Amino acid sequence: QVQLQESGPGLVKPSETLSLTCTVSGGSISGSYWTWIRQPPGKGLEWIGYISSSGSTNYSPSLKSRVTISLDTSKNQFSLKLNSVTAADTAVYYCARRERSTRDWTNWFDPWGQGTLVTVSS
Amino acid sequence: DIQMTQSPSSLSASVGDRVSITCRASQSISTYLNWYQQKSGKAPKLLISAASNLQNGVPSRFSGSGSGTDFTLSITNLQPEDFATYSCQQSYNTPYTFGQGTKLEIK
């Protein structure tokens, strides 16, 4: 059973870079799409972007200029970098696998990591 | 971007009740609609994919319906563990977007 676990600093200063890693266990990172999603305190979920196991990426237009998602297949990990952060980037950050049906191409997020709170503050 | 609007934003119900939550997309998304359950301080959990496909291990009291722009999540015979926040999500195109969530509380 695939499990995901986020790791990284819980506090980042304004204007600096937020860096998080998601470690995938119980299965290979190959053959799937891997996603980052965030949730500001008390608010809804926001999709950040995904990376395929071949390294192709797709980012939310609202964050595209500041986001990089990368992959390390040797470590079964993928990572998120978000630069020039402000207080508005304070959120719980989740990693998840994007699954897709081969029958009708519908897709969904499952499983999810437990999430990690990142606070942007000086 | 496709906007997802859920109603109501919050809902009070009692154990044993039947409730429905609605999700409306700003454009047609066929059945590219997923439902998640999120308990306080926990990650979302996938309940239903492709509008009506119940995930393995999810109780049959949960069901989903709809296509196009209007979707419904129904829960019959509410159990104490069902009180949580429910969010819809469109996977028709990127950027993937979520509804604002519906908080289901005990009356």
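The rules behind the values
- Residues numbered from 1 in each chain as written.
- Chains lettered and ligands numbered in written order.
- Predicted model: local features only at pLDDT ≥ 70, side-chain atom pairs only at ≥ 80, totals over all residues.
- Heavy atoms only, no water.
- Contact = heavy atoms within 4.5 Å.
- Buried area = accessible area lost by both parts, 1.4 Å probe.
- Salt bridge = Lys/Arg side-chain N within 4 Å of Asp/Glu carboxyl O.
- Polar contact = N/O pair within 3.5 Å; in protein donor to acceptor, adjacent residues only side chain to side chain.
- Helix = DSSP H or I, 4+ residues; strand = E, 2+ residues; numbered from the N terminus.
- Nonpolar A, V, L, I, M, F, W, Y, C, P; charged D, E, K, R; others polar.
- Pairing = 2+ DSSP bridges.
- Axes fitted to C-alpha atoms, helices over the stretch in contact; angles between N-to-C directions.
- Disulfide = S-S within 2.5 Å.
- Buried < 20%, exposed > 50% of the residue type's maximum accessible area, 1.4 Å probe, protein only.

Facing 23 residues of chain A, the contacting portion of chain B comprises 20 residues. For the pair chain A and chain B, the summed buried area comes to about 1,700 Å², and 59% of that belongs to carbon and sulfur atoms. Across the contact surface, chain A and chain B share 0 salt bridges. Remark: the boundary between chain A and chain B carries 9 residue pairs in polar contact (both at pLDDT 80 or more). Broken down by secondary-structure element, the contributors of at least two residues to the side of chain A that touches chain B are strand S4 (33–39), strand S5 (46–52), strand S9 (91–100) and strand S10 (107–112) of chain A. Broken down by element, the residue count for the side of chain A that touches chain B peaks at 5 residues, all from S10 of chain A. Residue classes in the side of chain A that touches chain B are distributed as 10 nonpolar, 8 polar and 5 charged.

As a further point, take the sheet that holds strand S1 (residues 3–7) of chain A. Residue and element names in this part refer to chain A. The sheet built from 4 strands is open, its strands ordered S1-S3-S8-S7 with antiparallel pairing. Since the sheet does not close on itself, it has two edges, and those belong to S1 and strand S7 (67–72), each with one partner. Between one strand axis and the next, the sheet turns through 20 degrees on average, direction left out of account. In this sheet, strand S8 (residues 77–82) lies alongside strand S3 (residues 18–25) in antiparallel orientation, the contact comprising 6 bridges. Bridge pairing links threonine 23 to glutamine 77 in S8.

Time to look at the state of the cysteines. Evaluation of the coordinates by the stated rule reveals 2 disulfides over all chains. A sulfur-sulfur separation of 2.0 Å characterises the disulfide bridge that pairs cysteine 22 of chain A with cysteine 95 of chain A. Negative torsions about the S-S bond denote left-handed disulfides, and the value of about 65 degrees found for cysteine 22 of chain A with cysteine 95 of chain A makes this one right-handed. Of this pair, cysteine 22 of chain A sits in strand S3 while cysteine 95 of chain A sits in strand S9, and the two are 73 residues apart along the sequence. We classify cysteine 22 of chain A as buried; its relative accessible area is 0%. Owing to a relative accessible area of 0%, cysteine 95 of chain A belongs among the buried residues under this scheme. The disulfide bridge from cysteine 23 of chain B ends at cysteine 88 of chain B, spanning 2.1 Å between sulfur atoms. In this structure, the disulfide formed by cysteine 23 of chain B and cysteine 88 of chain B twists by about 70 degrees around the S-S bond and is classed as right-handed. Here cysteine 23 of chain B, found in strand S3 (residues 19–25), pairs with cysteine 88 of chain B, found in strand S9 (residues 85–90); they are 65 residues apart in sequence, far enough to count as distant.

It is worth spelling out the side chain of glutamine 39 of chain A at this point. Relative to the elements of secondary structure, glutamine 39 of chain A occurs in strand S4. From its side chain, glutamine 39 of chain A meets the backbone oxygen of lysine 43 of chain A in a polar contact 3.0 Å long.

Bringing the pattern of salt bridges into the picture now. Under the defined criterion, the tally for this structure stands at 9 salt bridges over all chains. For glutamate 46 of chain A, the salt bridge goes to arginine 38 of chain A, with nearest N and O atoms at 2.8 Å. Overall, glutamate 46 of chain A belongs to the partly exposed group, its relative accessible area being 24%. For aspartate 70 of chain B, the salt bridge goes to arginine 24 of chain B, with nearest N and O atoms at 2.6 Å. One end of the pair, aspartate 70 of chain B, is in strand S8 (residues 70–75); the other, arginine 24 of chain B, is in strand S3, and 46 residues separate them in sequence. Connected through shared salt-bridge partners, Arg38, Glu46, Arg66 and Asp89 of chain A make up one network.

Note that every value here comes from positions in space, so none of it alone points to a role or purpose.
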